[in-house]
Amino acid sequence: MAILAWVLGILGGLGAVVGIIAAAELVPLLTELPAAFTPIFWLTLGAVLLLACIATVLANRQYE
């Protein structure tokens, strides 16, 4: 479960970073993505993945 928590944490952090980059329009390539991939989508994805990371860490401690 610890490895899953690390993976979810890293993906959540990357999702948040991509959301900030997309909101600031620093990378023109991100504007070519479909309309569904807005900065709000990326930030929400990052938040959900970080919450899942916390949940897996807490679930791991309950079994010990």
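Residues numbered from 1 in each chain as written. Predicted model: local features only at pLDDT ≥ 70, side-chain atom pairs only at ≥ 80, totals over all residues. Heavy atoms only, no water.

**Quick word on the overall build of the chain**
Using the following cut-off: In this description a helix means any DSSP run of H or I spanning at least four residues, a strand means any run of E spanning at least two, and both kinds are numbered starting from the N terminus. For the radius of gyration, the atom set is restricted to C-alpha positions; the globular benchmark scales as 2.2 Å times the number of residues to the power 0.38. Burial here depends on accessible area, computed with a 1.4 Å probe over protein chains only, as a share of the maximum for the residue type. Under 20% is buried, over 50% is exposed, and the range in between is partly exposed. Residue-level accessible areas treat just the shown protein chains as cover; the underlying method is Shrake-Rupley with a 1.4 Å probe.
Scanning the chain from N- to C-terminus turns up 2 helices and 0 strands. Taken over the C-alpha trace, the chain has a radius of gyration of 14 Å; the compact-globule value for 64 residues is 11 Å, which it surpasses by more than 25%. Taken along its principal axes, the extent of the C-alpha atoms in the chain is 45 × 15 × 15 Å. When each of the 64 residues of the chain is scored for burial, the buried share is 19%. Per element, the accessible surface of the chain, about 4,700 Å² overall, is 77% carbon and sulfur.

**Considering the packing of aromatic side chains**
For clarity, the cut-off: Each Phe, Tyr or Trp ring, with Trp reduced to its six-membered ring, pairs with another whose centre is within 6.5 Å; inter-plane angles below 30 degrees give stacked pairs, above 60 give edge-to-face pairs, and intermediate values give tilted ones.
Here the structure, examined in full by the defined rule, presents 3 aromatic pairs. Centre to centre, the rings of phenylalanine 37 and phenylalanine 41 are 5.2 Å apart; their planes meet at 75°, and the pair counts as edge-to-face. Ring geometry for phenylalanine 41 against tryptophan 42: centres 5.3 Å apart, planes inclined by 70°, an arrangement best described as edge-to-face. By relative accessible area, phenylalanine 41 is classed as partly exposed at 33%. By the ring-pair criterion, three or more aromatic residues cluster together here, those being Phe37, Phe41 and Trp42.

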